[in-house]
Amino acid sequence: MKKQKTAARQSKSAVTRRLFMQGGKVRLFLGITVAAGGLLSILIVVQAHYLSLLIDDIFLKNGSGGWGWLLALLAVIVGRAVLNWVGDASASKAAGLVKKTLREALLKHILKLGPAYTRGERSGELTNTAMEGVEALDAYYSQYLPQFFLTMLVPLVVVVAVFSADVLSGVVLLVTMPILPVFMILIGLQAQAKSQKQFNILSQMSAHFLDVLQGLTTLKLFGRSHHQEETIARVSERYRQRTMGVLRIAFLSALVMEVGATISTAIVAVEIGLRLLYGQIEFQSAFFVLLLAPEFYQPLRTVGQRFHASTSGIAAASRIFEILDTPTPDGSETDKPAEPKTVPPTRPAALGLRFEGVSFAYPTADGPRPALENVDFTIERGVKIALAGPSGAGKSTVAQLILRFIRPTAGRIVVETEGGNFPLEEMDAKAWRELVAWVPQNPYLFNDSVLENIRLGKPDATEAEVIAAARQAHAHDFIAGLPQGYATILGERGARLSGGQIQRLSLARAFMRNAPLLVLDEATSNLDLENEALILDALDKLMAGRTVLMIAHRAALLERADRVIRLEAGRVAGDSAVKEQTLA
Amino acid sequence: MKTFFRLVKLAWPLKWGMVLATLVGFLTIGSAIGLMATSAWLISMAALHPSVAALGVAIVGVRFFGIARGVFRYLERLVSHEVTFRLLSRLRVWFYRGVEPLAPAILERYRSGDLLSRVVSDIDTLQNFYLRVLAPPLVAVVTGLGMWLLLGAYNPVFAFAFLGFYILAGVGVPWLTHLLSKRLAARSVVLRSDLNASLVDGIQGMAELVAFGQEDRQNARIEKLNRELVRVQVRLGAINALQGSLGSLLTNVAAWTILVLAIPIVRNGQMDPVYLALVVLATLASFEAVLPLGQAFQYLAISLVAADRLFEIVDKAPPVRTLPATGPTQAATETGDYSLEVKDISFSYEPGQPDALQNLTFSLRPGQSIALVGESGAGKSTLANLLLRFWDYERGEIRLGGRDLKTIPPEEVRNIIGLVSQRTHLFNATIRENLAIANPKADQAAIEAACQQAQIHDFITGLPQGYATPVGEFGMALSGGERQRLSIARAILKNAPILVLDEPTANLDRQNEQLVMQALHSLMKDRSTILITHRLVDLAGFEEILVLRSGQVIERGDQSHLLQEKGLFNRLWQLQTAPV
């Protein structure tokens, strides 16, 4: 897993290039930002020009400045502010566009990767990338990039202006110019190392604190909770010392940059001051140069401060691109364009399934890991099959194949209906899934009302239909007891239900679905007994008259099957009527 | 406002560090002003062609300020980060001290939904309270005062004009953007949280969505929220861009105004024109101090929200109070009396809620075993919480070694009663360290003996790093059975005379269940045991079995008696022990 990750991770420059190459409209707004930056740098020069003219006039020529110049200066000032706004606002617009498109693309791609990819712990990280990771790009586009453009443009315009006023000062700036890119690189490397290191240290410290909070009950149990107070202080102290050690050096690069910039300004000031003393330069030119010298270095200092936005943006972007570049596995169906498929001409009332030499292997970093090998079995129409076997035998893989979350790497699955047989692969995935009701082991509850959660099984169901399904699943009574009944919000932010209650909601969904094929994935594991009794009763009603595939451990379920198929290490190890099975 | 002052109070012990950081921060900006002012004066002076000596001081000044600015900036960053880290350390210890008495009774609610990790990130937010909220206004005020004095020395009019623009840029602009963005900002928070919830649904619930053919609908919902959020954010971005724009405008207009005001003053001879450039450039440089104030305002709002959440938790009254003893006070560890007497206990977690336990009565003599059986939610685990003094009961009485449980300090109770529960936390540490928590004095031999008894030793020695293998969130992932057996090894190491086993085999498959039960049987020898379970195992060795339903004991007796009764126990037994 790890190996694959580093291989897929792209170099920083490749990521930066891709960030620049985002869509046409993004480039338009970034273009506006660049144009505003260009004009802004010209106005900086013009402002210095008028200011030096005015001061020269009042100070040395005993003039009164004159409203003409004053108003021109004011206009330039206002123009600067406007361009400032236009540049920032359009950068923020570009950031918005990028976030919108990338998040959409990410989501589409994750969907293509399918439920088999997003299962388990990975889903939390994916959600986080789609939310926070995409948000982290905001600062990159709205803060870092505009400043980056200014850093390119302003020094250039300023140095040209200074040359036109005073060649020697221009030379001084030019001599310090080559040092700038060196500084840039220096800052870049330092800032990256610094932010990386500091971030690691900080997150370690946060992780330690979180760990202590989560384990607080355990600590109390063993009488160690008071002792932890010192530990927290000690760990924080140790991290403080280490981080400060890192920062003392990291800040040095900024120090060098800062001192370099101000000393250069000071050199220019002293140089033109002395030449002024000997009458080798006009006051107005000298003052003009003095005003511009700090502007020459200013963007570079600011870009250093915004470097963090750049590094965290690039880190987030490389993860986003990594996901986008993950090839959709062969087993995934959802990326297939909607091509004409053999759909059963009419909705079959009953259907069976035949596995013909089906194999499946999960792709991993160390090559494919086989889960099913050359499996043959038949689920006849209207028959209830139990799938048994130790964990890891491939039972859930069978369920996933039937749901077409994955596709066999070899062999095929055939659907048997009264109207003829169809290879599963040639049927439209969505149309096929409408024929299947699935009761998963750990049903997911959506952040929505109970009503909508049950309606998942049939989006156009009326409220009465939902209630009828809930009644059949023995869920109605507890739903009616919830604070807002069927309108109660569930999920992460909503009411919490017990395992048995969740399972019964999942059954209600299956009742709603009313499909000829029922797939039960350990629907009664980890339940307490009272719930189990209710659920078994509901299951009996649900299974009546349908073809059923149930993955089961419990005797209570196994004895409801017509046949038990035993899987072991991805192979069929036994296929027998249930009576023989229990006798054996 | 109250929250703000409480925060300041928390940071107060670091006041000298903050004063120093503020001072250095002011000196940084002061040097920038000094550099521009002396340069301006140097050039103006030079234009009058005096002797070189007259410029000597200014030349030294320019060089000094040039270097000082960088050095002060460096120092400021060091000092303020030092303060930040010390503040972080203080906040953590403060929060831990506040939350420790609340565990697990009140923290139970925060277990789920990552609320605990939000607490941690709230504290991380507050560590910047000084750096981003307190420091910028302090530096701005000191800088403003300095400029007021400097400009006032030339002419009071300058000082007043400067102050007007300075306050406008420092307070007016942030205030204006706050007003403009208030509604949108609130909307973006709501949208963001809605989008997040929809994304969680879309990705974590993808299997269900695809299986039920609803993925496109969910996608459409997400895209709509995404578009809406980005639209709001772009508008917020345009408003926030006003800050930089207006800041630049006010800075330059301030300099322009002072220039305009200076013209008649210079012409009247009230000011030597050689200072004109100085006054204008010093003004331009000084506004650097107010530019970060906009961010400070925004950060203040974030900090207050984070602080409110933390205060709300810490301010809760601890759920357990130890009463003064009225009877014998000798510790059970001295008397050796480990009898446990539970009389008529009723308990409800929150007033108005139905009782989790009703009139529970039993007694446990040393060496005896009893079992509490019933569906989940029947109130069985509540008993463990009460016995371990994680919660206080109001009605009924519990006596441990003849003493009222409420008069025994919780630490002492937990020395006597050991708990094996499925929720045992494994820390981010090695296996050995995780075990040593139970008994810091245990040596390697004792730890290994405990693990052998818990049937986990062979598993551990089979790991590449053996007992030094890291576990917990960042370490090796352990199965439920392995965790459970580690938890049992901890209980063995702790060697408490009374043992509470809370669902020790929940979530285990048959094979693991058997391993764990074997480990438990050896642990239960010579100890009093209370087994809490919904999973019926062979309970033949138990003196008494209490069958609970909705907090009430509905059947009691030993196993053979209960099986004859044909009640709930018998029904559960039939359902569970049928062969596989």
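Predicted, not measured: the structure shown is a model, and the values here were computed from it. (Residues numbered from 1 in each chain as written. Chains lettered and ligands numbered in written order. Predicted model: local features only at pLDDT ≥ 70, side-chain atom pairs only at ≥ 80, totals over all residues.)

**Quick look at the overall build of chain B**
Line of reasoning, step 1. Scanning chain B from terminus to terminus reveals 20 helices and 10 strands.
Line of reasoning, step 2. For chain B, whose C-alpha radius of gyration is 35 Å, the value lies well above the compact-globule estimate of 25 Å for 580 residues.
Line of reasoning, step 3. Seen through its C-alpha atoms, chain B measures out along the principal axes to roughly 115 × 60 × 50 Å.
Line of reasoning, step 4. Burial status across chain B gives 46% buried among its 580 residues.
Line of reasoning, step 5. Here the contacts in chain B between residues at least 6 apart in sequence split such that 77% fall between residues at least 24 apart. (Helix = DSSP H or I, 4+ residues; strand = E, 2+ residues; numbered from the N terminus. Rg over C-alpha atoms; globule rule 2.2 N^0.38 Å. Buried ≥ 20, exposed ≤ 12 C-beta atoms within 10 Å, placed from the backbone. Contact = placed C-beta atoms within 7 Å.)

**A look at the overall build of chain A**
Line of reasoning, step 1. The helix and strand inventory of chain A stands at 21 helices and 10 strands.
Line of reasoning, step 2. Relative to its 584 residues, chain A shows a buried fraction of 48%.
Line of reasoning, step 3. For chain A, restricting intrachain contacts to residue pairs at least 6 apart in sequence, the fraction spanning at least 24 positions comes to 79%.

**Details of helix α6 (residues 156-204) of chain B**
Line of reasoning, step 1. Given a rise of 1.5 Å per residue, 49 residues ought to cover 72 Å, and the 66 Å separating the end C-alpha atoms of α6(B) matches this to within 8%.
Line of reasoning, step 2. Along α6(B), the largest kink reaches about 55° and is centred on Ser181(B). (Expected span 1.5 Å × (residues − 1). Bend = angle between axes of the 7 residues up to and from the residue.)

**Points about the interface of chain B and chain A**
Line of reasoning, step 1. Across the boundary between the two partners, chain B contributes 116 residues, which contact 114 residues of chain A.
Line of reasoning, step 2. The greatest single-element share of the side of chain B that touches chain A, amounting to 27 residues, is contributed by helix α8 (residues 215-267) of chain B.
Line of reasoning, step 3. A per-class count over the side of chain B that touches chain A returns 60 nonpolar, 33 polar and 23 charged. (Nonpolar A, V, L, I, M, F, W, Y, C, P; charged D, E, K, R; others polar.)

**Considerations on the domain arrangement of chain B**
Line of reasoning, step 1. By the assigned domains, chain B splits into domain 1 (2-314) and domain 2 (340-577).
Line of reasoning, step 2. Distance from the C-alpha centre of domain 1 of chain B to the C-alpha centre of domain 2 of chain B: 54 Å. (Domains from an automatic or database assignment.)

**Examining the pairing of strand β8 (residues 528-533) of chain B**
Residue and element names in this part refer to chain B.
Line of reasoning, step 1. By the criterion of burial, β8 is predominantly enclosed, with 5 of the 6 residues buried.
Line of reasoning, step 2. Examined bridge by bridge, strand β3 (residues 369-374) and β8 share 5 bridges and lie parallel to one another. Within the sheet, the bridge partner assigned to Ile 370 lies in β8 and is Ile 530.
Line of reasoning, step 3. In this structure, strand β7 (residues 498-502) lies alongside β8, joined through 5 bridges in parallel fashion. What sits directly across from Leu 501, in β8, is Leu 531. (Pairing = 2+ DSSP bridges.)

**Thoughts on the packing of helix α4 (residues 67-113) of chain A against α8(B)**
Line of reasoning, step 1. One way to put it is that α4(A) packs onto α8(B) with a least axis distance of 8 Å and a crossing angle of 165°. Comparing the axis directions of α4(A) and α8(B) gives the class roughly antiparallel. Crossing angle aside, the handedness with which α4(A) passes α8(B) is right-handed. (Axes fitted to C-alpha atoms, helices over the stretch in contact; angles between N-to-C directions. Parallel < 35°, antiparallel > 145°, perpendicular 65-115°, else oblique. Left-handed = near helix turned anticlockwise from the far one by under 90°.)

**What about the domain arrangement of chain A?**
Line of reasoning, step 1. Once the domains are mapped, chain A shows domain 1 (12-325) and domain 2 (351-583).
Line of reasoning, step 2. Computed over C-alpha atoms only, the centres of domain 1 of chain A and domain 2 of chain A are separated by 54 Å.

**A word on the sheet that holds β3(B)**
Residue and element names in this part refer to chain B.
Line of reasoning, step 1. Spatially, 6 strands are ordered β6-β7-β8-β3-β9-β10 in an open sheet, and the strand pairing comes out mixed. Two strands lie at the open edges of the sheet, namely β6 (417-421) and β10 (552-557), each paired on one side alone. Averaged over neighbouring strand pairs, the angle between their axes works out to 15° when direction is ignored.

**Remarks on the pairing of β10(B)**
Residues and elements named next belong to chain B.
Line of reasoning, step 1. Strand direction decides the pairing type here: strand β9 (residues 544-549) and β10, joined by 5 bridges, are antiparallel. Looking at the pairing, Leu 548 lines up with Val 553 of β10.
Line of reasoning, step 2. Between the end of β9 and the start of β10, which pair antiparallel, lie 2 residues, with Ser 550 showing a positive phi angle near 45°.

**Notes on the sheet that holds strand β1 (residues 351-362) of chain A**
Residues and elements named next belong to chain A.
Line of reasoning, step 1. Strand order in this open sheet of 4 strands is β2-β1-β4-β5, and the pairing throughout is antiparallel. In this open sheet, the two strands that pair with only one neighbour each are β2 (369-379) and β5 (420-423). Shown here is a sheet whose adjacent strand axes are inclined to one another by a mean of 20°, direction ignored.
Line of reasoning, step 2. One ladder, built from 7 bridges, connects β1 with strand β4 (residues 410-417); its direction is antiparallel. Across the sheet, residue Glu 356 finds its bridge partner in β4, namely Arg 412.

**A short note on unusual backbone geometry**
All names here are of chain A.
Line of reasoning, step 1. Phi is positive for His 474, which is not a glycine, with a value near 60°.
Line of reasoning, step 2. Positionally, His 474 belongs in the loop between α16 (463-472) and α17 (476-480).
Line of reasoning, step 3. Classification of His 474 by C-beta neighbours within 10 Å gives buried; the count is 21.

**Brief notes about the packing of helix α6 (residues 122-165) of chain A against α6(B)**
Line of reasoning, step 1. Their axes nearest at 9 Å, the elements α6(A) and α6(B) cross at an angle of 140°. One element, α6(A), and the other, α6(B), form an angle in the oblique class. In the packing of α6(A) onto α6(B), the handedness of the crossing is right-handed. The segment α6(A) lies against α6(B), with Ser123(A), Leu126(A), Thr127(A), Ala130(A) and Met131(A) engaging Leu195(B), Asn196(B), Leu199(B), Val200(B), Ile203(B) and Gln204(B).
Line of reasoning, step 2. Class assignment for the residues of the contact of α6(A) with α6(B) results in 7 nonpolar, 4 polar and no charged.

**What about the confidence of the model for chain B?**
Line of reasoning, step 1. For chain B, the mean per-residue pLDDT works out to 87, and 94% of the residues sit at or above 70.
Line of reasoning, step 2. Reported confidence for the predicted complex is 0.85 by ipTM and 0.81 by pTM. (pLDDT = per-residue confidence, 0-100.)

**A closer look at α8(B)**
Line of reasoning, step 1. The first and last C-alpha atoms of α8(B) sit 78 Å apart over 53 residues, in line with the 78 Å expected at 1.5 Å per residue.
Line of reasoning, step 2. Where α8(B) bends most, at Leu261(B), the angle is about 25°, and the proline Pro264(B) comes one to four residues later.

**A closer look at the confidence of the model for chain A**
Residues and elements named next belong to chain A.
Line of reasoning, step 1. Per-chain confidence: chain A averages 84 in pLDDT, with 89% of residues scoring 70 or above.
Line of reasoning, step 2. In the model, residues 1-8 has pLDDT below 50 throughout and makes 6 contacts with residues more than four positions away in sequence or in other chains.
Line of reasoning, step 3. Across residues 331-338 the pLDDT falls below 50, and counting only partners more than four positions away or on other chains, this stretch makes 15 contacts in the model.

**Some words on the environment of Ala250(A)**
All names here are of chain A.
Line of reasoning, step 1. Inspection of the secondary structure assignment puts Ala 250 in helix α10 (residues 225-277).
Line of reasoning, step 2. We classify Ala 250 as partly exposed; it has 19 C-beta atoms within 10 Å.
Line of reasoning, step 3. For the pair formed by Ala 250 and Val 383, sequence separation is 133 residues and the distance between their alpha carbons is 70 Å.

**Re the environment of Ser550(B)**
All names here are of chain B.
Line of reasoning, step 1. By the secondary structure assignment, Ser 550 is in the loop between β9 and β10.
Line of reasoning, step 2. Assessed through the 15 C-beta atoms surrounding it within 10 Å, Ser 550 is described here as partly exposed.
Line of reasoning, step 3. C-alpha of Ser 550 to C-alpha of Pro 354: the two residues are 196 residues apart in sequence and 9.0 Å apart in space.

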